[in-house]
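Examining the three-dimensional arrangement
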Amino acid sequence: MLHDAWLMAKKDLRIEMGSRVVLGQVLPFGILILILFGLAISPNLAVIAPNEPIAGFADRRSVLSQVAPGLFWMTVLLSSLMALNRSFLIESQDGNFDALKMAGLDPAGIFLGKVLAVIAQLLVLEAALGVGAAILYQLQLTDAVLLATAVVLATTAVTSAGTLYTALASGLQARDTLVPLLVLPVLAPVLLAATLATESAVFGPASDGWPWVLLLGVFTLLYVGIGIVSFGPIMEET
Amino acid sequence: MSFDPPEPDQSPSAGQYPKPRSSTAAYLRSEPDSYALEPTSSEAGSADNSDDARSPDSKDKSSVSEFDGSGAVIELSEAVCVINQFPALAGATLSIDEGEIVLVRGPNGAGKSTLLRLCAGLIPLTSGTGNVLGHDLSDSKRRRLLRRESGLLAHQTYLYDQLTVEENIYFWAKANRVDVSTVDPVLDRLDLGGRLRTVAVGSLSAGQRRRASIALMISRRPRLWLLDEPHAGLDQGGRQLMDELVGHAIAFGATVLLASHDLDQATALATKTVAVVGGHIEEVEHHAP
């Protein structure tokens with residue numbers, strides 16, 4: 001299983017290095033969303049604080065800062081849908097799923113390989129988006145270990161569940177529209193836990209964030225386990 | 001572990017594998033040798049190199065070949081395959097012995113490709129009975145084992161456009177647990193050596209992509225060749241080469257089932273022709289050797 005996972009991950013990463021879709025298209029998409037979130041939230045600040053005669057620029061920045069962890073993870077979620085879609089597009093564009101079946105690769109290995117490759121791409125994406133969010137939303141980190149743990153676990157959970165549902169929908173014509181409908185509700189708890197853990201890592205206290213990290217760990221194990229067990233039957237149906 | 005080309009010090013000795021030919025023409029004149037066409041059977045395990053030793057499922061690979069050569073390689077009886085609620089095969093009965101080259105002809109949508117995919121173990125049998133290379137097609141586990149022993153040349157190339165020819169072939173060699181150093185002669189034979197090795201598949205012509213797809217299939221050394229329009233997209237030299245490869249495969253004990261609309265070329269190759277119409281096999285015609 002691990003041999004197959006490593007083989008698949010290397011292949012997917014080599015394809016990404018050659019095509020640079022995540023860096024060239026998904027990353028700009030994510031940065032654009034961060035900017036648009038900032039623009040969309042700013043006008044509402046006067047409504048939020050109507051008694052303030054003039055809402056200062058500093059106030060607006062503080063409101064943005066408060067919601068920044070949630071905006072960051074929403075951006076990651078939306079960007080991950082594109083990365084996941086891309087991950088399966090390369091398998092379906094010339095019938096390569098059939099060739100994977102013919103090769104007799106372990107389905108669990110294929111699943112883990114795809115997950116590993118997307119995780120690697122998303123971690124690079126998140127690093128860039130994190131820098132962008134820190135600059136745009138005026139964030140300062142207080143606990144790097146908490147943030148790093150939350151990011152790795154949440155990314156693994158998002159990728160595992162996303163890979164599973166993208167594979168499930170990959171044989172359908174309505175795949176592009178169906179995948180977000182399937183994946184986003186499943187990832188709601190991950191979004192909540194990742195946002196609250198990130199809030200603690202940014203604003204403190206860090207001790208408030210670790211229970212959410214624990215919850216992320218549970219969801220990560222759950223999604224990875226379900227993926228390993230069910231990817232074989234899903235592949236047979238696609 | 002990678003699907004990179006083997007390092008120079010990992011190259012096989014001259015006596016172990018055939019030397020790369022300087023040209024395809026020279027290779028075409030050569031006698032069939034053991035470079036890659038010999039189907040995997042009892043020697044399946046020997047194909048692994050140390051870098052690529054099989055993980056837990058290696059046992060499955062070595063235990064795949066249970067077909068002992070006696071009886072029919074393909075035995076279908078009233079086989080029905082329903083795909084998206086449509087009976088693509090509607091009661092096909094067919095028997096093919098080892099070493100035969102069988103042409104499947106029929107109009108578009110008759111069920112030729114479905115027949116090949118069924119024999120590759122890629123689609124389940126809805127009803128009827130089927131046995132290919134000793135594997136019961138109604139058993140999903142046996143179908144998965146059958147896939148490793150059969151090679152399907154389909155309309156799709158099974159190649160990644162973003163990877164080079166070499167990267168594609170090495171990836172699939174690794175995925176199929178084939179010794180990567182044995183695929184170099186295959187690339188040379190398919191005229192994909194030299195500069196084409198490092199060209200991205202997406203930049204190749206349709207004919208070159210087809211050759212790469214053929215290289216991918218024969219590097220697996222299948223016991224059953226399932227060819228869907230094998231001459232499509234190939235130039236005259238490629239068509240002749242395809243015929244020679246089929247001949248070599250037969251010489252090494254493989255069995256070939258090919259679907260084609262190019263009846264002149266395919267009939268000359270075949271030992272038997274079957275006609276598929278509306279999901280049924282309606283006619284079987286034997287050719288003089």
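Counting of residues starts from 1 at the beginning of each chain's written sequence and follows it residue by residue. As a convention, the first chain written is A and the first ligand written is 1, with the rest following in written order. Totals for whole chains, interfaces and linings use every residue, but because this is a predicted model, local features are given only for residues with pLDDT of at least 70 and side-chain atom pairs only at 80 or more, for both listing and counting.

Once that is clear, we can look at the overall build of chain B. Secondary structure counts use DSSP, requiring at least four H or I residues in a row for a helix and at least two E residues in a row for a strand, with both numbered from the N terminus. Counting secondary structure elements, chain B contains nine helices and ten strands. Relative to its 289 residues, chain B shows a buried fraction of 49%. A pair of residues counts as a contact when their C-beta atoms, built from backbone coordinates, are within 7 Å of each other. Within chain B, contacts between residues separated by at least 24 positions form 72% of all contacts whose residues are at least 6 apart in sequence. Here a residue counts as buried when 20 or more other C-beta atoms fall within 10 Å of its C-beta, as exposed when 12 or fewer do, and as partly exposed in between; the C-beta atoms come from the backbone.

With 26 residues of chain B at the interface, the matching set in chain A holds 23 residues. Those elements that place two or more of their residues in the side of chain B that touches chain A are helix H4 (140–149) and helix H5 (165–175) of chain B. For the side of chain B that touches chain A, a count of residues per class yields 14 nonpolar, six polar and six charged. When residues are grouped by polarity, Ala, Val, Leu, Ile, Met, Phe, Trp, Tyr, Cys and Pro land in nonpolar, Asp, Glu, Lys and Arg in charged, and all others, Gly among them, in polar.

Residues and elements named next belong to chain B. Each helix should span, by expectation, one fewer than its residue count multiplied by 1.5 Å. With 13 residues, helix H7 (residues 206–218) ought to run about 18 Å at 1.5 Å a step, and its terminal C-alpha atoms sit 19 Å apart, in line with that. Most of H7 sits inside the fold, with ten of its 13 residues counted as buried. All of the buried residues in H7 are Gln208, Arg210, Arg211, Ala212, Ser213, Ile214, Ala215, Leu216, Met217 and Ile218. Buried-residue contacts for H7 involve strand S6 (150–153), H5, helix H6 (183–189) and helix H8 (236–251).

Moving on, we get to the packing of helix H6 (residues 107–137) of chain A against helix H7 (residues 144–169) of chain A. Residues and elements named next belong to chain A. For helices, the fitted axis covers only the stretch in contact; all axes are lines through C-alpha atoms, and the angles between them, taken along N-to-C directions, range from 0 to 180 degrees. Following both chains from N to C, one finds H6 and H7 inclined at 135°, their axes separated by 9 Å at the closest point. As the angle between them shows, H6 and H7 are arranged oblique. The handedness of the crossing between H6 and H7 is right-handed. Every residue of H7 that contacts H6 at Phe111, Lys114, Val115, Val118, Ile119, Leu122, Leu123 and Glu126 is listed here: Val151, Thr155, Thr156, Thr159, Ser160 and Thr163. Should an angle fall under 35 degrees it is taken as roughly parallel, and over 145 as roughly antiparallel, whereas 65 to 115 is taken as roughly perpendicular and any remaining angle as oblique. Note: crossing handedness is left-handed where the near helix turns anticlockwise from the far helix by less than a right angle, and right-handed where it turns clockwise.

Turning next to the sheet that holds strand S1 (residues 72–83) of chain B. All names here are of chain B. Strand pairing is assigned whenever DSSP identifies at least 2 bridges connecting the two strands. Taken in spatial order, the four strands make up an open sheet running S2-S1-S4-S5, and their pairing is antiparallel. Looking along the sheet, the strands with just one partner apiece sit at the ends: strand S2 (86–97) and strand S5 (135–136). The sheet contact formed by S1 and strand S4 (residues 127–132) spans five bridges and is antiparallel. Among the inter-strand pairings, Ile74 is bridged to a residue of S4, identified as Val132.

What follows deals with the sheet that holds strand S3 (residues 101–105) of chain B. Residue and element names in this part refer to chain B. Here we have six strands laid out as an open sheet, ordered S6-S7-S8-S3-S9-S10, and mixed in their pairing. The two strands at the open ends of the sheet, each matched to only one other strand, are S6 and strand S10 (280–286). For this sheet the average axis-to-axis angle between neighbouring strands, irrespective of direction, equals 15°.

Fine structural detail should not be taken from predicted coordinates in areas where pLDDT scores are low. All names here are of chain A. A residue's pLDDT is simply how confident the predictor is in it, with values from 0 to 100. Taken over all residues, the pLDDT of chain A has a mean of 87, while the share at 70 or more is 91%. A low-confidence stretch, residues 46–50 (pLDDT under 50), is modelled with four contacts involving residues beyond four sequence positions or located in other chains. Segment residues 54–61: pLDDT under 50, and nine contacts once partners within four positions in sequence are set aside and those in other chains are kept.

All names here are of chain B. Burial within S3 is extensive, with five of its five residues counted as buried. On S3, burial covers both faces: Ile101, Leu103 and Arg105 on one face and Val102 and Val104 on the other are all buried. For S3 and strand S8 (residues 255–259), the ladder comprises four bridges, and the chain directions are parallel. Bridging across to S8, Val102 finds its partner in Leu257.

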